[in-house]
Amino acid sequence: MSQVVEPSPSLHTKRKRVVNGRLRHRMIQETLPSSEVSQTIHAENEDKSYYYAGFWMRLWAFLLDMITVFSLNGLLVYPLLRWTNGSGVFSIGPFTLDTILSAMVFFLYFAIMTKLYGQTIGKMVMGLRVRSSKNEPLSWTQIVFREGFGRFIHQAFFLLYAIYLMIAFTKEKRGLHDMIADTVVVHERDDLSDFQ
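Below or above, wherever it landed, is the structure these notes cover. Keep in mind it's a predicted model, so treat the numbers as computed, not measured.

**Digging into the packing of helix α3 (residues 97-117) against helix α5 (residues 140-156)**
At a minimum axis separation of 10 Å, α3 and α5 run at an interaxial angle of 145°. Crossing handedness for the pair α3 and α5: right-handed. Side by side, α3 and α5 meet where Phe-106, Phe-107, Phe-110, Ala-111, Thr-114 and Lys-115 of the first sit next to Trp-140, Ile-143, Glu-147, Gly-148, Arg-151 and Gln-155 of the second. Residue classes in the contact of α3 with α5 are distributed as six nonpolar, three polar and three charged.

**Concerning the environment of Lys-171**
Structurally, the position occupied by Lys-171 is in the loop between α6 (166-169) and α7 (176-181). For Lys-171 and Tyr-52, which are 119 residues apart along the polypeptide, the C-alpha to C-alpha distance reads 9.0 Å.

**Overview of the pairing of strand β6 (residues 183-187)**
The side chains of a regular strand alternate, first on one face of the sheet and then on the other. Summarising burial for β6: five of the five residues are buried, a large majority. Two elements, strand β5 (residues 128-132) and β6, share five bridges in a ladder whose sense is antiparallel. In the sheet register, Arg-131 faces β6, and the bridge partner there is Val-184.

**Considerations on the pattern of salt bridges**
Inspection of the entire model under this criterion finds seven salt bridges. For Arg-129, the salt bridge goes to Glu-188, with nearest N and O atoms at 2.7 Å. Placement of the pair is Arg-129 in strand β5 and Glu-188 in the segment after β6, with a sequence separation of 59 residues. The exposure class of Glu-188 is partly exposed, given its relative accessible area of 32%. A salt bridge links Arg-174 to Asp-182, with the shortest nitrogen-to-oxygen separation between them at 3.4 Å. Each of Arg-58, Arg-146, Glu-147 and Asp-178 takes part in a single network of salt bridges with overlapping partners.

**Thoughts on the packing of helix α2 (residues 55-84) against α3**
Their axes nearest at 9 Å, the elements α2 and α3 cross at an angle of 135°. Taken together, the axis directions place α2 and α3 in an arrangement best described as oblique. Taken as a pair, α2 and α3 cross one another with a handedness that is right-handed. Contacts between α2 and α3 involve Phe-62, Asp-65, Met-66, Thr-68, Val-69, Leu-72, Asn-73, Val-77, Tyr-78 and Leu-81 on the former and, on the latter, Leu-97, Asp-98, Leu-101, Ser-102, Val-105, Phe-106, Tyr-109 and Phe-110.

Conventions we followed
- Residues numbered from 1 in each chain as written.
- Predicted model: local features only at pLDDT ≥ 70, side-chain atom pairs only at ≥ 80, totals over all residues.
- Heavy atoms only, no water.
- Axes fitted to C-alpha atoms, helices over the stretch in contact; angles between N-to-C directions.
- Helix = DSSP H or I, 4+ residues; strand = E, 2+ residues; numbered from the N terminus.
- Left-handed = near helix turned anticlockwise from the far one by under 90°.
- Contact = heavy atoms within 4.5 Å.
- Nonpolar A, V, L, I, M, F, W, Y, C, P; charged D, E, K, R; others polar.
- Buried < 20%, exposed > 50% of the residue type's maximum accessible area, 1.4 Å probe, protein only.
- Pairing = 2+ DSSP bridges.
- Salt bridge = Lys/Arg side-chain N within 4 Å of Asp/Glu carboxyl O.
- Parallel < 35°, antiparallel > 145°, perpendicular 65-115°, else oblique.

As far as function goes, none of this settles anything; it's purely spatial.
Below, the structure is given as C-alpha cells:
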C-alpha cells in the first residue's frame, strides 16, 4: 500500500505516471519558482489532452438515455394523448402526433441536458462529458447541430444507426454528429487510474 505525501505550499505538484506506454497522472513533486508555477498552470490548461470516450462506453450511456427518454414519454406524452384523445388525430405523412411529440421529448432531453450540464443522465452514470473540440463552452448552435441535425441523420432510417460505428475507428472517437457540431466526448475525470 503506497502512502501519498502532501506537498508543501512552496512546491508545485505535477501528476505523472506511465502505464502500458501511456502517460497517466501520479504525484511527483518538482520545485518551481512561483512565477513559473502560474505559467506552467496556464500552459497545462491550454495543452490539456483528454481521454476520449470509446464506442462501448458511449453505447451504454446512450442506452441509459433511451431508457430515460422512454420513461419521459411514458410519463408525459402518452398520458396526455390518452387524456385528450389526440392519438392518431393529427398526421403528416407517416408522422403522427405521437411520433412528433416523442421526437420533441427526445431532442429537448438531449439538447437541454447537454447544454446545461455537458452530459446527459447516461453520460453522468458512465462518467462522460461532451466538450467543444476548441475547448470553448458549448454553444446553442453546436447543440442544435449535434442533437438536432446529427441525430436526425442517424434516426431517419434504421440502417443509418451503423454510422455510429465510426466512433470506434476515428482518432478522437468522434461520430458523425460530433463532426457536424465540432464536439468530442471525453471521460470526465482527469485521474484515470481507476480505469486501470
